[in-house]
Amino acid sequence: MKTKRHTLELAGDGFHVTACFGADACEHRAIESPALPQRLFDALGELGIGDTLRGRVGTQLKAHHIIKIAISYCPNACARSQIADVGLIGAAPPAFDPTCCTACGACSQACREDAIRLDSAEALVGIDYDKCVNCGACAKVCANHCITNRVMGYRLMLGGKLGRHPRFGEELTGLRQPHDLPRLVARCIKNYLQLAQGHERLGDVVSRVGAAALEQPDHK
Ligand code: SF4
Ligand code: SF4
Ligand code: SF4
């Protein structure tokens, strides 16, 4: 019997959290944090997003008014995180320890980005970090644990959208940890609600003030 895989959809008042099915059903996931969608949903539910948006647009909320949060557990980004108002993409940057490498080549075969160069004579692996997308596949296949993912987390991008003027979300530097994300994403959305003028969507505010400004502690 085949099991159908579903994305997770949590619809709140004025916001919507979507997660790919990777949390517990996809072998490609770079990070595991199955509780994250619900924790984000709970944190955003305290912001009164729907009331604030209705006060601004003066009508019932339409689809494009709803703030979309999309979580993908690996760079394949099946939840389409790049075009969400708030996009999260799981990342597992690789680190290499040459002392245990047997030059078996499994990591290089597993890498779809051609980012691993293997010198069999010297049992040396070189990782091209410009090509690497931090998918974590190489660490999964290294039986000797010479490639590990020491710092896993989420890339955070703000302001993605489709519509008449589509754009990818602007990515903030560094990786965010799952336990920090509910508070952090709530802060970004709170700042957006305070900074938005007229009918500006989150992407419009990011274009005007930059994504980093939405992450700052206070915009009064
Ligand atoms: S984004 Fe990655 S982890 Fe999520 S369903 Fe797609 S391939 Fe699997
Ligand atoms: S999979 Fe591990 S042991 Fe094999 S070549 Fe890569 S780093 Fe070395
Ligand atoms: S993390 Fe992914 S993209 Fe980066 S080197 Fe490993 S397999 Fe290649």
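Everything below is about the structure printed above this text.
Anyway, here's the lowdown on the structure attached to this text. Numbering of residues begins from 1 in every chain and follows the order in which that chain's sequence is written. Numbering of ligands from 1 and lettering of chains from A proceed in the order in which they are written. Reporting in this predicted model follows two pLDDT cut-offs: at least 70 for local features of residues, and 80 or more for side-chain atom pairs to be given and counted; totals over whole chains, interfaces and linings ignore these cut-offs and use all residues.

Before going further, it helps to spend a moment on the overall build of the protein. Elements are defined by DSSP. Helices are runs of H or I of four residues or more, strands are runs of E of two residues or more, and each kind is numbered from the N terminus. Assigned secondary structure in the protein consists of eight helices and 10 strands. Projected onto its principal axes, the C-alpha positions of the protein cover 70 × 45 × 30 Å. Across the 220 residues in the protein, those meeting the buried criterion constitute 36%. With C-beta atoms placed from the backbone, a contact is any residue pair whose C-beta atoms sit within 7 Å. A sequence separation of at least 24 residues applies to 64% of the contacts in the protein between residues at least 6 apart. Burial in this document is a count-based property: other C-beta atoms within 10 Å of a residue's C-beta are tallied, and the residue is buried at 20 or more, exposed at 12 or fewer, or partly exposed in between, with C-beta positions derived from the backbone.

Take the sheet that holds strand β4 (residues 86-91) next. Pairing in this open sheet of six strands is mixed, and the strands run β1-β2-β3-β4-β9-β10 from one edge to the other. The open sheet has two free edges, formed respectively by β1 (8-11) and β10 (170-171), since each of these has just one partner strand. When DSSP finds two or more bridges between two strands, those strands count as paired. Direction of pairing for β1 relative to strand β2 (residues 15-19): antiparallel, over a ladder of four bridges. Its bridge partner lying in β2, Ala11 is registered against His16.

Turning next to helix α2 (residues 36-44). Buried residues of α2: Leu36, Pro37, Leu40 and Leu44, and no others. Seen from one end, α2 has its buried residues packed into an arc of 100°, which puts them on one side. Close packing links the buried residues of α2 with β1, β2, α3 (49-57), β3 (67-72) and α6 (181-195). The arc refers to the directions leading from the helix axis to the C-beta atoms.

Let us now look at the environment of Leu40. Within the secondary structure, Leu40 is located in helix α2. Owing to 26 C-beta atoms within 10 Å, Leu40 belongs among the buried residues under this scheme. When the C-alpha positions of Leu40 and Ala186 are compared, they lie 7.9 Å apart, and in sequence the two are 146 residues distant. Leave out the neighbours within four places in its chain, and Leu40 touches Val17, Ile69, Leu181, Pro182 and Val185.

Attention now goes to the environment of Asp24. Topologically, Asp24 is positioned in helix α1 (residues 22-25). Residue class for Asp24 comes out exposed when judged on the 9 C-beta atoms lying within 10 Å of it. Residues Asp24 and Asp130 lie 106 residues apart in sequence; the distance between their C-alpha atoms is 29 Å.

Direction vectors running N to C along α2 and α6 enclose 40°, while the axes themselves pass 9 Å from each other. Taken together, the axes of α2 and α6 are oblique relative to one another. Pair α2 / α6 crosses with right-handed handedness. Across the interface between the two elements, Leu36, Arg39, Leu40, Ala43 and Leu44 from α2 touch Leu181, Pro182, Arg183, Val185, Ala186 and Ile189 from α6. In this description, a line fitted to the C-alpha atoms serves as the axis of each element, helices being fitted only across the stretch in contact, and the angle between N-to-C directions of two axes falls anywhere from 0 to 180 degrees. Here roughly perpendicular refers to angles of 65 to 115 degrees, roughly parallel to angles under 35, roughly antiparallel to angles over 145, and oblique to all remaining angles. Should the near helix be turned counterclockwise from the far one by less than a right angle, the crossing is left-handed, whereas a clockwise turn marks it as right-handed.

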